[in-house]
Amino acid sequence: MSVVKINAIEVPEGTGKELEGRFAARAKAVDGMPGFEGFELLRPVEGETRYFVYTRWASEEQFQTWLNSQEFTHGHSAGGTQTVGTGSALLSFEVVDL
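A brief report on the enclosed structure follows. (Residues numbered from 1 in each chain as written. Predicted model: local features only at pLDDT ≥ 70, side-chain atom pairs only at ≥ 80, totals over all residues. Heavy atoms only, no water.)

For the protein, the helix and strand inventory stands at 3 helices and 4 strands. Secondary structure elements of the protein occur, N-terminal to C-terminal, as β-α-β-β-α-α-β. In terms of overall dimensions, the protein is globule-like: its C-alpha atoms have a radius of gyration of 14 Å, near the 13 Å expected for 98 residues. Dimensions of the protein, computed from C-alpha atoms along their principal axes, come out at roughly 40 × 30 × 20 Å. Sequence-distant contacts in the protein: of pairs separated by 6 or more residues, those separated by 24 or more amount to 73%. Total accessible area on the protein is roughly 6,500 Å²; 52% of this is exposed by carbon and sulfur atoms. One finds the centroid of the 8 positive side-chain charges in the protein at a distance of 5 Å from the centroid of its 14 negative side-chain charges. (Helix = DSSP H or I, 4+ residues; strand = E, 2+ residues; numbered from the N terminus. Rg over C-alpha atoms; globule rule 2.2 N^0.38 Å. Contact = heavy atoms within 4.5 Å. Areas by Shrake-Rupley, 256 points an atom, 1.4 Å probe, with all protein chains shown as cover. Lys, Arg positive; Asp, Glu negative; His and termini not counted. Charge placed at Lys NZ, Arg CZ, Asp CG, Glu CD.)

Here it is in structure tokens:
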């Protein structure tokens, strides 16, 4: 059963483009990870200020492998000097096969 992880990132006004640039710079970093099925960065438009990072994985175990990998650590330690995220929440879902 696939799982979806959504990281809801609090982004102060005026820093969204910086966040988008950082994701663009490492857009394909996760593609080779076992169990990775997809990624989308969702920009807020109406009634929401958080960016949502949507990833889909073949299993919870494969997501945890990514989360504990050197690639994850490297990708999340890189970036500019400007703080773009002031907080985040990780949401977890299972995909229901109907």
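Now, onward.
The subject of this paragraph is helix α1 (residues 16-25). For an α-helix the count is 3.6 residues per turn, leaving residues at separations of three or four pointing the same way. Along α1, the residues classified as buried are Gly-16, Leu-19, Glu-20, Arg-22 and Phe-23. Buried residues along α1 cover an arc of 160 degrees about the axis, so they all sit on one side. More than 90 degrees from the buried face of α1, the exposed residues found are Lys-17, Ala-24 and Ala-25. Where α1 is buried, its residues meet β1 (3-10), β2 (36-42) and β3 (50-57). (Buried < 20%, exposed > 50% of the residue type's maximum accessible area, 1.4 Å probe, protein only. Arc of directions from axis to C-beta.)

Next up on the list: the packing of aromatic side chains. Inspection of the entire model under this criterion finds 5 aromatic pairs. Measuring from centroid to centroid gives 5.3 Å for Phe-36 and Trp-57, while their planes differ by 70 degrees, and the two rings are edge-to-face. On the criterion of sequence distance, the pair formed by Phe-36 in strand β2 and Trp-57 in strand β3 is long-range, its members being 21 residues apart. Trp-57 matches Phe-36 in its accessibility class, with the two residues each being buried. (Phe/Tyr/Trp six-rings, centres within 6.5 Å; stacked < 30°, edge-to-face > 60°.)

What follows concerns the environment of Phe-52. The residue Phe-52 is located in strand β3 in this model. In this structure the C-alpha to C-alpha distance between Phe-52 and Gly-32, which are 20 residues apart in sequence, comes to 21 Å. Among residues more than four places away in sequence, those in contact with Phe-52 are Ile-6, Asn-7, Ala-8, Glu-40, Leu-41, Leu-42 and Leu-91.

Okay, the pattern of salt bridges next. Under the defined criterion, the tally for this structure stands at 6 salt bridges. For the salt bridge of Glu-60 with Lys-5, the shortest nitrogen-to-oxygen distance reads 2.7 Å. Separated by 55 residues along the polypeptide, Glu-60 in helix α2 (residues 60-67) and Lys-5 in strand β1 bring together distant segments of the chain. Overall, the relative accessible area of 29% leaves Glu-60 in the partly exposed class. The residue Glu-48 makes a salt bridge to Arg-50 at a minimum N-O spacing of 2.7 Å. (Salt bridge = Lys/Arg side-chain N within 4 Å of Asp/Glu carboxyl O.)

Shape is all these values report; function is a separate question.
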